[in-house]
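Overview (structure and organization)
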Amino acid sequence: MKTKILLVEDDDLLRRSLAYRLEQEGYAVATAETGDAGLLAARLDRPDLALVDIGLPGINGIDLARMLLREMSLPLIFLTARRQETDVVIGLELGAEDYIAKPFGMRELLARIRVALRHKLAAATLPVEAPIVAGGVELDPAGREVRVRGERCDLSPKEFDILRLLMANAGVVLSANYLLDAVWGPGYAGALQVLYVHIGWLRQKIEEDPRGPRLIQTVRGVGYKFVAEGATAP
Ligand code: CA
């Protein structure tokens, strides 16, 4: 079955050309010109991903995203004009996956779409049950046990799930919203404070120096990554 993309954009030329290119890439595309029509289309079609222009007549893109993400779990990418970048921050806090500033190249948009869809897939099928060993940490998904530098470490279920995702993707930055969605579920999209607090607790438990964390590194404005010892800090 084709991957379904909902495109909500009021600029006729852009909407038509994007829809055409996306169909050429093998996606099934539903389009809407307004926020209201976008919401209806999303409810009917249950798209796998939404591309949402921020400046829309009627319900604007931010409000549309708020409604969509409350109702369904899907990656949402904003299409935005440069002057709307403060809106984008609000949108990402709501749980949107990404944004792309106009004018953008098709190749870049397609790459962002593929990443967003991969995240969705990764969240649905959590990584393998084999133990993961990196940076002095041993994590056993089956037994839900963690040893840090040889010593047993008690983690809460959420702390365990966060660490498991970070370790399974060692070296790769996971966005804050991706972690929230994968560990807490869509209802928590945008609850960044919840994640910050848990990352803090996790660092207290696994880092040699929680104030100068080496294993769980913050990538400012994006999220977190697990770095095994010996790797250089960014
Ligand atoms: Ca517009």
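Report on the accompanying structure. (Residues numbered from 1 in each chain as written. Predicted model: local features only at pLDDT ≥ 70, side-chain atom pairs only at ≥ 80, totals over all residues. Heavy atoms only, no water.)

**Focus on the overall build of the protein chain**
Note the cut-off: What counts as a helix is a DSSP run of H or I of at least four residues, what counts as a strand is a run of E of at least two, and both are numbered from the N terminus. For the radius of gyration, the atoms used are the C-alpha atoms, and the globule rule reads 2.2 Å times the number of residues raised to 0.38. Each residue is assigned to one of three classes by its accessible area relative to the maximum for its type, calculated with a 1.4 Å probe on protein chains only: buried under 20%, partly exposed between the two thresholds, exposed over 50%. Two residues qualify as a contact provided that any one of their heavy atoms is within 4.5 Å of a heavy atom in the partner residue. Only the protein chains shown count as cover for residues, and the accessible areas themselves come from Shrake-Rupley with a 1.4 Å probe. Lys and Arg are tallied as positive, Asp and Glu as negative. Neither His nor the chain termini are counted. Lysine's charge is taken at NZ, arginine's at CZ, aspartate's at CG and glutamate's at CD.
When you go through the protein chain residue by residue, the secondary structure sums to 8 helices and 12 strands. The C-alpha atoms of the protein chain give 19 Å as radius of gyration, which agrees with the globular expectation for 234 residues (17 Å, within 12%). Taking the principal axes of the C-alpha coordinates as reference, the protein chain spans close to 60 × 35 × 30 Å. For the protein chain, buried positions account for 44% of its 234 residues. Nonlocal contacts in the protein chain, meaning residues at least 24 apart in sequence, comprise 57% of its contacts between residues at least 6 apart. Element-wise, carbon and sulfur atoms account for 52% of the exposed surface of the protein chain, whose accessible area totals about 12000 Å². Charge centroids of the protein chain, computed over 29 positive and 32 negative side chains, lie 1 Å from each other.

**Some points on the coordination of the calcium ion**
Short version of the rule: Because water is not among the atoms used, a metal site may look incomplete, as its donors are only the N, O and S atoms within 2.8 Å, or 3.2 Å for Na, K and Ca.
For the calcium ion, the protein coordination sphere consists of Asp10 (OD), Asp53 (OD) and Gly55 (O), at 2.2 to 2.4 Å. In this structure aspartate 10 comes out as partly exposed when scored by relative accessible area, which is 32%. Under the relative-accessibility criterion, glycine 55 is labelled partly exposed at 33%.

**Observations concerning the sheet that holds strand 11 (residues 216-219)**
This is how the line gets drawn: When DSSP finds two or more bridges between two strands, those strands count as paired. Note on geometry: axes are C-alpha line fits, over the in-contact stretch for helices, and angles between N-to-C directions span 0 to 180 degrees.
Spatial ordering of the open sheet is given by 10-12-11, a layout of 3 strands whose pairing is antiparallel. Where the open sheet ends on each side, the last strands, each with one partner, are strand 10 (174-175) and strand 11. Relative to strand 12 (residues 223-226), strand 10 runs antiparallel, the two sharing 2 bridges. Within strand 12, the position partnered with serine 175 by the bridge is glycine 223. Packed onto the sheet, helix 8 (residues 192-206) meets strand 11 and strand 12 and runs at close to 145° relative to strand 11.

**What to know about the sheet that holds strand 8 (residues 145-148)**
The strand order across the open sheet built from 4 strands is 6-7-8-9, with neighbouring strands paired in antiparallel fashion. Across the chains shown, the open sheet's two edge strands, defined by having one partner strand only, are strand 6 (132-134) and strand 9 (151-153). Taken pair by pair, the neighbouring strands of this sheet meet at an average axis angle of 20°, ignoring direction. Of the pairings in the sheet, the one linking strand 7 (residues 137-140) to strand 8 comprises 4 bridges and is antiparallel in character. From the neighbouring strand, glutamate 138 faces strand 8, where its bridge partner is arginine 147. Lying on the sheet, helix 6 (residues 157-168) is in contact with strand 6, strand 7 and strand 8; it crosses strand 7 at an angle near 110°.

**Side note on the environment of valine 183**
Relative to the helices and strands, valine 183 resides in helix 7 (residues 176-183). Taking C-alpha positions, valine 183 is 6.3 Å from aspartate 161, a pair spaced 22 residues apart along the chain. The contacts of valine 183, once residues within four sequence positions are left out, are Lys158, Asp161, Ile162 and Leu165.

**Comments concerning the nonpolar core**
Definition in use: What we call a nonpolar core is a set of buried Ala, Val, Leu, Ile, Met, Phe, Trp, Tyr and Cys residues that are connected through their side-chain atoms within 4.5 Å.
If you look at the biggest cluster of nonpolar residues, it comprises 30 residues, and the most contacted ones within it are Val146, Leu163, Leu166, Leu195, Ile216 and Phe226. Contributions of two or more residues to this core are made by strand 6, strand 7, strand 8, helix 6, helix 7, helix 8 and strand 12. For this core, the leading source of residues is helix 6, giving 6 residues. Discounting residues that sit within four places of it in the chain, leucine 163 has contacts with Val137, Leu139, Val146, Leu155, Leu202, Ile206, Ile216 and Phe226.

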